[in-house]
Amino acid sequence: MSSNHLYLVDGSGYIFRAYHRLPPLTNRHGTPAGAVFGFTTMLWKLVDELHKTDGPTHLAVILDASSKTFRNEMYDQYKAHRPPPPEDLVPQFPLIRDAVRAFSVPCIEELGLEADDIIACYSEAAMAAGWKVTIVSSDKDLMQLIRPGLDLLDTMNNRRLGREHVLEKFGVEPEQLGDVLALMGDSVDNVPGVPGIGPKTASQLIQQFGDLATVLASTDAITKPKLKQSLIDHADNARLSRELVRLKCDQALPEPLDDLALKGLPPEPLRAFLEDMGFKSLLAKVGGTSTGGPTVLALAPTGQEAPPPPPKLDAVPFSHKDYEAVVDEDALDRWIAEGFKCGRIAVDTETDSTDPVRARLVGVSLATAPGKACYIPLAHIGDGLLSETPRQIAKATAIAKLKPLLEDPSILKIGQNMKYDMVVLAREGIAIAPYDDTMLLSYDLDAGLGGHGMDDLAQRHLDHACIEFKTVCGTGKAQITFDKVTLERATEYAAEDADVTLRLWQTLKGRLAREGATRVYELVDRPLVPVLARMEQAGIKVDREELARLSAEFAGEAARLEGEIHQEAGGPFTVGSPKQLGDVLFDRMGLKGGRKGKSGVYSTDVNELERLAGEGVTIARMVLDWRQLTKLRSTYTEALQGQINPATGRVHTCFSMAVAQTGRLSSTDPNLQNIPIRTEMGRRIRDAFVAEPGKVILSADYSQIELRLAAHMADVPALKEAFAKGDDIHSLTAQEVFGEVTRDTRARAKTINFSILYGISAFGLANRLEVPRAEAQAMIERYFARFPGINHYIAATLAEVREKGFVTTLFGRKTHLPWIRSSKQGERQSAERQAINAPIQGTSADIIKRAMLRMEPALAAAGLADVRMLLQVHDELVFELAPDQVEAASVVIRDVMAGACEPYVTLSVPLGVEIGTGPSWGAAH
DNA sequence: TGGTTCACG
DNA sequence: GACGTACGTGAACCAG
């Protein structure tokens, strides 16, 4: 029999109680912190008091990740009347998570589940393992879980609540409580129940009949006529209510039970947290402050203007010689112990490749405080000439020692672009968690204000120039891999990375709540990291022989065309040189209408050549065809063959999370987000992306998501109605703008619809449609007249960006547009168009990211855990799965994608999802 | 390295 | 009256 005793703290209950018990207070940074203080005090008291008794062996704090959950899918009115949390409480949630972490206690939350459900899951698992369980809460819903070995602890009056309490309060056994709660309903959570039935009657009915089903089936036996009729009329509501109050206890545990083991109270991280928050009275308890300050609460009442946070100047200079090379186990143990003591640690990996799927781990660097960093070489070899293989800890030994630290749920790991380290460490059997990513912190705070690479950030925030990689490893042909760098040099470079990362975290993390970026960071971008890491590791199979065949075919055809082009031009020249081509066309051949750009070369782009081809210039058409063939060959059929990973036989792209200004992902090495599809020849390349034998490819894409979002965000009744009915939106636009729907007007209408998303100008539209400018102007005016809301959206967005300097998506993601205040008209207008487009493109990006986050759990819950998500192409997700999984997976994928906004945002248009399958990506469209 | 072109959403 | 002219990406190629 195990003597383990798990305590589960209902964090949400704690938070609200703390908030309402204390006056509004702010901390030394000027952020509201009353609830943080109350929560910290209560948690302290709990841990302290439990310590004196035969307290817990395991402890976790459970929080609600989102305000709405699966219950809203059952009943859209669930908790609908609950007001949003008070404005000054919202920024305190992340600080409260920090508080829990400072206590070295795991903090658990899960999208789509309420804290109550997570508590039920852990209770179930712990009881099954023979543990005792105590839930720290006095919530009546949680009383359903009471049974021998499980009780509730009400910390308000230090009471243990067991079976007797339920019997006394509700007159039934805990197992029957759910039925009572269903009948009586809950006005706060908006659980309907049965009208006219309160706690008394509900309890009496369940006592009399035993359970809800019997009550509903036995209305004949009920004598009171009103009660009887109400039960008959609202039986469905009662059944729905039963499901709403039922706790979900069959979900996978976010953290294994064993990871909740209590470790006592390491004073260091706690001290750091309390000092940062300015909680002096608590600081005194933890062992006195350095200043020995007063033990009164050092918080200022709100009311007066909060002072701006003091600029954090790093007092600690960068000193590369102070970094430590860790080459023996004792030293490593010391660093790991330091990590546990601090409660957070910056981590960086060094490898021999920029491609994380190919990269072999060469070393790991750690930092625990500014200036305090080390490098642990693991696979360094000499340069083969002068230096020999240096002394270092055996890789397996070091990995085994680092793993518990890197996976400990109470220790925060801090990295810069954690996805890379995750992919590399996954192959060493390490799954980093929990983590923060300074690159993503910067992206979610400062998108549009500059790069988010470490060098950019160090320069911008720390006024520090990092050691450049090329000064360590060289460039070009002379470049060496990191395992050949001398230990001394490697330590300076690698430890600096960890040091810089830690300092950046200290600068950026606090801004998150103050600047309203917490939600998008914690609930979208940060959790997406491991999802993308798995997609990159999965890769996609390409048929090398097919690519080679296409390559040869394209090459032959291009060579033939090149000969004809030379003949037509009257002599050989480099067709691929825009400069030479321009000279040949407009000077040597004397064609008319050549336009020169800034750099003095004739434009020979597709528009210009199409114009000439339309005028009957045969060489223009030939050049266009030649360009297409050579483009397809060099960029796709040739390059792609070289990108196949020899170990996996697949192509592993790298998704960049912090490049696009709008929140989109981008894809590199190779870019799999621009594989051809629009032309027949190009589409054949997509056919070379295949499923492995016995599997098929499934492609699911949002149909016209950006137009739908525009209809919602600009609130355009006609467009919303059309989407709701499933009408063809371009035909509708054609009807409204041109008065008739033909092939031609529909095509023009499509262009107009796109131009709206991109920030329209009459000149630009005139160019696209090849009509006079005045005509384009008239179309725009007609569009605005027919679809009121669009011009209002544009005006409101521009007013907002001019005032704030940024625009936001429906999910709160910011894009900063500093050029909006430029003195140059061109720059300003460009920023205006970006401002109109960014909320729409960015919301679309948020939505598909949310779908990706939920996809794996949803598939797993449907018994489809081995369906693999491979690619994201902005509005499309690509999967690989067994043919007999297609039917079930399609349902899950469609549901997850179509419902990805919920619960935070409810759109006024439906999101359409189109799904196709086939042996190749091309065939799946 | 910068400019041009073109593949995708 | 002039200005500059569709949003977001990445990669290959030429030429200086």
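Residues numbered from 1 in each chain as written. Chains lettered and ligands numbered in written order. Predicted model: local features only at pLDDT ≥ 70, side-chain atom pairs only at ≥ 80, totals over all residues. Heavy atoms only, no water.

### A short note on the environment of Ala238
Locating Ala238 in the fold gives a position in helix α11 (residues 235–245). Since its relative accessible area comes to 0%, Ala238 is described here as buried. A sequence separation of 56 residues divides Ala238 from Ala182, and the C-alpha atoms of the two residues are 5.9 Å apart. Ignoring any residue separated from it by four or fewer positions in sequence, one finds Ala238 in contact with Ala182, Gly193, Val194, Leu212 and Leu216. (Helix = DSSP H or I, 4+ residues; strand = E, 2+ residues; numbered from the N terminus. Buried < 20%, exposed > 50% of the residue type's maximum accessible area, 1.4 Å probe, protein only. Contact = heavy atoms within 4.5 Å.)

### A closer look at the domain arrangement of chain A
Size of an interface: often given as the accessible area lost when the parts come together. Once the domains are mapped, chain A shows domain 1 (5–162 + 248–259), domain 2 (320–539), domain 3 (540–651) and domain 4 (705–838). Contacts between the two partners involve 14 residues from domain 1, matched on the other side by 11 residues from domain 2. Carbon and sulfur atoms make up 59% of the area that domain 1 and domain 2 hide from each other, which totals about 1100 Å². A per-residue breakdown of the area domain 1 buries against domain 2 is headed by Pro94, Arg101 and Ser104, which together make up 38% of the total. Along the contact surface separating domain 1 from domain 2 lie two salt bridges. In this structure, Lys509 engages Asp98 in a salt bridge whose closest nitrogen and oxygen atoms are separated by 3.9 Å. Our count for the contact surface shared by domain 1 and domain 2 stands at one residue pair in polar contact (both at pLDDT 80 or more). (Domains from an automatic or database assignment. Buried area = accessible area lost by both parts, 1.4 Å probe. Salt bridge = Lys/Arg side-chain N within 4 Å of Asp/Glu carboxyl O. Polar contact = N/O pair within 3.5 Å; in protein donor to acceptor, adjacent residues only side chain to side chain.)

### Focus: the sheet that holds strand β21 (residues 696–703)
Note: strands within a sheet are paired through backbone hydrogen bonds, in either parallel or antiparallel orientation. Spatially, β24-β25-β21-β26 is the arrangement adopted by the four strands of the open sheet, whose pairing is antiparallel. Because the sheet does not close on itself, it has two edges, and the strands there are β24 (868–872) and β26 (912–918). Going across the sheet, the axis of each strand differs from the next one's by a mean of 25 degrees, ignoring polarity. In the sheet, β21 pairs with β26 via seven bridges, with the strands oriented antiparallel. Looking across to β26, one finds that Tyr702 is bridged to Val913. Sitting on the sheet, helix α34 (residues 825–861) is in contact with β21, β24 and β25 (876–881), with an inclination near 20 degrees to β25. (Pairing = 2+ DSSP bridges. Axes fitted to C-alpha atoms, helices over the stretch in contact; angles between N-to-C directions.)

### Examining the protein's contact with DNA strand C
With respect to spatial proximity, 29 residues lie near DNA strand C, and among them Ser577, Ser666, Ser755, Arg768 and Gln825 are the closest. Counting only atoms of DNA strand C within 4 Å of the protein, the fraction found in sugar and phosphate groups is 59%. Between DNA strand C and Ser666 there is a distance of 2.7 Å, counted from a phosphate oxygen to a side-chain nitrogen or oxygen. Listing elements by their share of the surface near DNA strand C, those giving two or more residues are α25 (618–642), β19 (666–668), α30 (743–758), α31 (762–769) and α34. Per-element accounting of the surface near DNA strand C gives the leading share, six residues, to α34. (Near = heavy atom within 4 Å.)

### Topic: the nonpolar core
In this structure, Ile376 and Tyr702 are the most contacted members of the largest nonpolar core, which totals 179 residues. If you tally residues by element for this core, the top one is α34, at 12 residues. Judged by nonpolar contacts, the second largest core, of 56 residues, contains Met127, Leu247, Leu257 and Leu260. (Core = buried A, V, L, I, M, F, W, Y, C linked by side-chain atoms within 4.5 Å.)

### As for the pattern of salt bridges
All chains considered together, the criterion is met by 56 salt bridges. Between Glu553 and Arg684 there is a salt bridge, with its nearest N and O atoms 2.9 Å apart. Placement of the pair is Glu553 in helix α22 (residues 544–569) and Arg684 in helix α26 (residues 680–686), with a sequence separation of 131 residues. For Glu553, a relative accessible area of 40% translates into the label partly exposed.

### Focus on the side chain of Asp497
Within the secondary structure layout, Asp497 lies in helix α20 (residues 487–514). In contact with Asp497, other than residues within four places in its own chain, are Asp348, Glu350 and Met454.

### Focus: the packing of helix α16 (residues 418–426) against helix α21 (residues 518–538)
One way to put it is that α16 packs onto α21 with a least axis distance of 9 Å and a crossing angle of 55 degrees. Here α16 is positioned oblique relative to α21, judged by the angle of their axes. Here α16 runs over α21; the crossing is right-handed. Here α16 contributes Met418, Lys419, Met422, Val423 and Ala426 to the contact with α21, which in turn contributes Val529, Pro530, Leu532, Ala533, Glu536 and Gln537. Tallied by class, residues from the contact of α16 with α21 come to eight nonpolar, one polar and two charged. (Parallel < 35°, antiparallel > 145°, perpendicular 65-115°, else oblique. Left-handed = near helix turned anticlockwise from the far one by under 90°. Nonpolar A, V, L, I, M, F, W, Y, C, P; charged D, E, K, R; others polar.)

### Some points on unusual backbone geometry
In this structure, the amide linkage connecting Ala433 to the following residue, Pro434, adopts the cis form with an omega of -15 degrees. Within the fold, Pro434 resides in the loop between α16 and β14 (435–437). That bond from Glu902 to Pro903 is cis: its omega, 0 degrees, falls within 30 degrees of zero. The topology assignment puts Pro903 in the loop between α35 (886–898) and β26. Unusually for a residue other than glycine, Ser104 sits at a positive phi of about 60 degrees. For Ser104, the location among the structural elements is in the loop between α4 (92–102) and β4 (107–108). Among the residues examined, Ser104 registers a relative accessible area of 4% and is labelled buried.

### As for α30
An α-helical turn contains 3.6 residues, so a residue and the one three or four places further along point in the same direction. Here α30 spans 23 Å end to end across 16 residues, near enough to the 22 Å set by a 1.5 Å rise per residue. Burial in α30 covers these residues: Thr745, Ala749, Ile752, Asn753, Ser755, Ile756 and Leu757. Lining the buried residues of α30 we find α27 (705–713), α29 (729–738), α31, α32 (773–786), α33 (790–804) and α34. Phi turns positive one or two residues past the end of α30, at Gly759, with a value near 85 degrees. (Expected span 1.5 Å × (residues − 1).)

### Considerations on the packing of aromatic side chains
The geometry of an aromatic ring pair is captured by two quantities: the separation of the ring centres and the angle between the planes. Applying the stated criterion across every chain, the model contains 12 aromatic pairs. An angle of 85 degrees between the planes, with centres 6.3 Å apart, marks the rings of Trp44 and Phe103 as edge-to-face. One end of the pair, Trp44, is in helix α2 (residues 34–52); the other, Phe103, is in the loop between α4 and β4, and 59 residues separate them in sequence. Exposure remark for Trp44: the relative accessible area of 10% places this residue in the buried category. Residue Phe103 is classed as buried on the basis of its relative accessible area, which comes to 1%. Following the ring pairs from residue to residue traces out a cluster consisting of Tyr375, Phe469, Phe482 and Tyr493. For the cation-ring pair, Arg503 lies above Phe318, with the distance from its terminal atom to the ring centre recorded as 3.8 Å. The ring of Tyr904 carries Arg519 above its face, with NZ or CZ at 3.9 Å from the centroid. (Phe/Tyr/Trp six-rings, centres within 6.5 Å; stacked < 30°, edge-to-face > 60°. Lys NZ or Arg CZ within 6 Å of the ring centre and 35° of its normal.)

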